[in-house]
Amino acid sequence: MRKCALVTGGSRGIGRAVAVTLAADLGLHILINYASNDSAAEETKKQIEEVGGTAELLKFQVQDHAEVEKTLSDWLANNKESKVEVLVNNAGITRDNLMVFMEEKDFDDVVQTSLKGMYNVTRHLLQHFVRNRAGRIINMASLSGLKGVPGQVNYSAAKGGMIAATKALSQELAKRKITVNAVAPGFITSDMTQDLNEDELKKLVPMNRFGSAQEVADLVSFLASPKASYITGEVININGGLYS
Ligand code: NAP
């Protein structure tokens with residue numbers, strides 16, 4: 001049986017670091033999901049191969065229930081010798097604005113991608129996990145979902161919902177030896193944060209710097225490993241001391 005991990009939003013940023021690290025640390029075959037950026041997804045695959053791992057691309061929009069169902073059921077039917085043991089729900093977007101100016105589409109798109117996307121992908125893989133009596137689900141939340149951040153009502157709602165769903169699902173699955181945890185990063189250097197004023201914002205962080213995608217990936221890798229077998233329903237902050 002080939003053991004696999006599906007990383008949504010694995011083409012860039014935190015998702016790419018998670019994909020490479022899960023391959024390197026745990027020897028998992030990586031399914032790199034992404035929305036549109038083919039060359040970035042190819043680059044993730046190349047980096048996984050450079051650390052001695054294997055990977056394939058699985059392009060779909062996480063918010064599209066029918067597309068998720070079709071892609072994942074085709075993949076599972078064609079890969080009967082494979083077992084998906086780790087799911088990292090990492091795909092996410094921001095559409096920041098004060099609520100008074102926030103268009104309905106910007107609210108919906110953010111919630112659909114982070115929260116509904118997590119439902120779509122997890123829902124489809126649940127029976128597979130339950131049948132295997134093994135699984136690690138790691139949801140990429142955010143400090144925004146715990147503290148609430150002005151200008152991010154949509155994103156805070158999506159990530160807060162993800163945190164609550166993590167806690168609920170962990171209790172549904174604990175008996176089946178499937179753990180469900182969330183990771184809540186603060187400011188992490190990536191395309192998502194490239195337009196922020198890092199020099200100003202880092203002053204808010206007790207460690208006086210943004211975190212790296214690799215630092216988040218190392219936490220995810222630990223949660224996905226056998227070492228974390230008794231941790232479930234948790235939200236783990238990774239924010240340089242910004243919020244606890
Ligand atoms: P990023 O650099 O913007 O990368 C986003 C990734 O998500 C890309 O791989 C993108 O694919 C994929 N994606 C976007 N929409 C998608 C969709 N509808 N379906 C499938 N894939 C989709 O973001 P990041 O900074 O690495 O963030 C990753 C996660 O961490 C997000 O959930 C984010 O909310 C969370 N987070 C980030 C920070 C931070 O400071 N960076 C802090 C807290 C939480 P394409 O390449 O095809 O566009």
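Residues numbered from 1 in each chain as written. Predicted model: local features only at pLDDT ≥ 70, side-chain atom pairs only at ≥ 80, totals over all residues. Heavy atoms only, no water.

Named according to an unreviewed UniProt entry, the protein is 3-oxoacyl-ACP reductase FabG originating from Reichenbachiella ulvae. According to its UniProt record, the protein has this under Sequence similarities (unreviewed entry): "Belongs to the short-chain dehydrogenases/reductases (SDR) family." (UniProt positions renumbered as here; feature names shortened; annotations may be inferred.)

Undergrad: Sorry if this is basic, but what is going on with the pairing of strand β1 (residues 2–7) here?
TA: The side chains of a regular strand alternate between the sheet's two faces. For β1 and strand β4 (residues 82–89), the ladder comprises six bridges, and the chain directions are parallel. Along β4, the bridge assignment pairs V7 with V88. In this structure, β1 lies alongside strand β2 (residues 29–34), joined through four bridges in parallel fashion. Looking at β2, one finds that V7 is bridged to I32. Handedness of the crossover joining β1 and β2 through helix α1 (residues 13–26): right-handed. (Pairing = 2+ DSSP bridges. Helix = DSSP H or I, 4+ residues; strand = E, 2+ residues; numbered from the N terminus. Right-handed = clockwise from strand over helix to strand, strands pointing away.)

Undergrad: Just to check I follow, could you spell out the site of the ligand for this structure?
TA: Lining the immediate surroundings of the ligand are 33 residues, of which S11, S36, N90, Y155 and S190 lie closest. Between Y155 and the ligand, the recorded distance is 2.5 Å, taken from a side-chain N or O atom to an oxygen atom. I188 places a main-chain nitrogen or oxygen 2.8 Å from an oxygen atom of the ligand. In isolation the ligand offers 900 Å² of accessible surface; the protein chains occlude 94% of this area. Within the residue set of the shell around the ligand, elements represented by two or more residues are α1, β2 and α6 (153–173). A class-by-class count of the residues in the shell around the ligand yields 14 nonpolar, 16 polar and three charged. (Near = heavy atom within 4 Å. Polar contact = N/O pair within 3.5 Å; in protein donor to acceptor, adjacent residues only side chain to side chain. Areas by Shrake-Rupley, 256 points an atom, 1.4 Å probe, with all protein chains shown as cover. Nonpolar A, V, L, I, M, F, W, Y, C, P; charged D, E, K, R; others polar.)

Undergrad: Honestly, the nonpolar core in this entry has me stumped. Any pointers?
TA: One recurring pattern in soluble globular proteins is that nonpolar side chains are buried together. Within the largest apolar cluster, 31 residues are counted, with the highest numbers of intra-cluster contacts made by V18, L22, I30, I48, V183, V216 and V220. Broken down by secondary-structure element, the contributors of at least two residues to this core are β1, α1, β2, α2 (38–50), β4, β5 (135–140) and α8 (213–224). Here I30 is in contact with A5, V7, A19, L22, A23, I48, T54, A55 and E56, once residues within four sequence places are set aside. F60, V62, V68 and L125 belong to the second-largest nonpolar core, a separate cluster that totals 22 residues. (Core = buried A, V, L, I, M, F, W, Y, C linked by side-chain atoms within 4.5 Å. Buried < 20%, exposed > 50% of the residue type's maximum accessible area, 1.4 Å probe, protein only. Contact = heavy atoms within 4.5 Å.)

Undergrad: Got a minute to help me understand helix α4 (residues 104–132) in this structure?
TA: An α-helix turns once per 3.6 residues; consequently, residues spaced three or four apart project the same way. Here α4 contains 29 residues, and its C-alpha end-to-end distance of 40 Å stays within 8% of the 42 Å for a straight helix at 1.5 Å per residue. A maximum bend of about 40 degrees is found in α4 at Q112. Following α4 by one or two positions, R133 has its phi on the positive side, about 50 degrees. (Expected span 1.5 Å × (residues − 1). Bend = angle between axes of the 7 residues up to and from the residue.)

Undergrad: Would you mind going over the sheet that holds strand β6 (residues 178–185) with me for this structure?
TA: Strand pairing in a sheet relies on backbone hydrogen bonds, with the paired strands running either antiparallel or parallel. Read across the sheet, seven strands follow the order β3-β2-β1-β4-β5-β6-β7 without closing on themselves; strand pairing throughout is parallel. The open sheet has two free edges, formed respectively by β3 (55–59) and β7 (235–238), since each of these has just one partner strand. When the angles between neighbouring strand axes are averaged without regard to direction, this sheet yields 25 degrees. Each of β1, β2, β4 and β5 is contacted by α1, which is oriented at about 170 degrees to β1, the strand it contacts most. (Axes fitted to C-alpha atoms, helices over the stretch in contact; angles between N-to-C directions.)

Undergrad: Would you take a moment to explain the packing of helix α3 (residues 65–78) against α4 for this structure?
TA: Helix packing for two helices is described by the angle between their axes and how far apart those axes are. For the pair α3 and α4, interaxial distance at closest approach is 9 Å and the crossing angle is 30 degrees. The pairing of α3 with α4 is recorded here as roughly parallel in orientation. Between α3 and α4 lies a crossing whose hand is right-handed. Contacts between α3 and α4 involve H65, V68, E69, L72, S73 and L76 on the former and, on the latter, Y119, N120, V121, H124, L125 and H128. Split into classes, the residues belonging to the contact of α3 with α4 amount to six nonpolar, five polar and one charged. (Parallel < 35°, antiparallel > 145°, perpendicular 65-115°, else oblique. Left-handed = near helix turned anticlockwise from the far one by under 90°.)

Undergrad: Teacher, can you tell me more about a nonpolar patch on the surface here?
TA: A contiguous nonpolar patch, built from L98, V100 and F101 and spanning about 340 Å² of accessible area, is present on the exposed surface. Inspection of the secondary structure puts L98 in the loop between β4 and α4. (Patch = residues over 30% accessible without salt bridge, like charges linked within 9 Å, V, L, I, M, F, W, Y side chains within 5 Å. Salt bridge = Lys/Arg side-chain N within 4 Å of Asp/Glu carboxyl O.)

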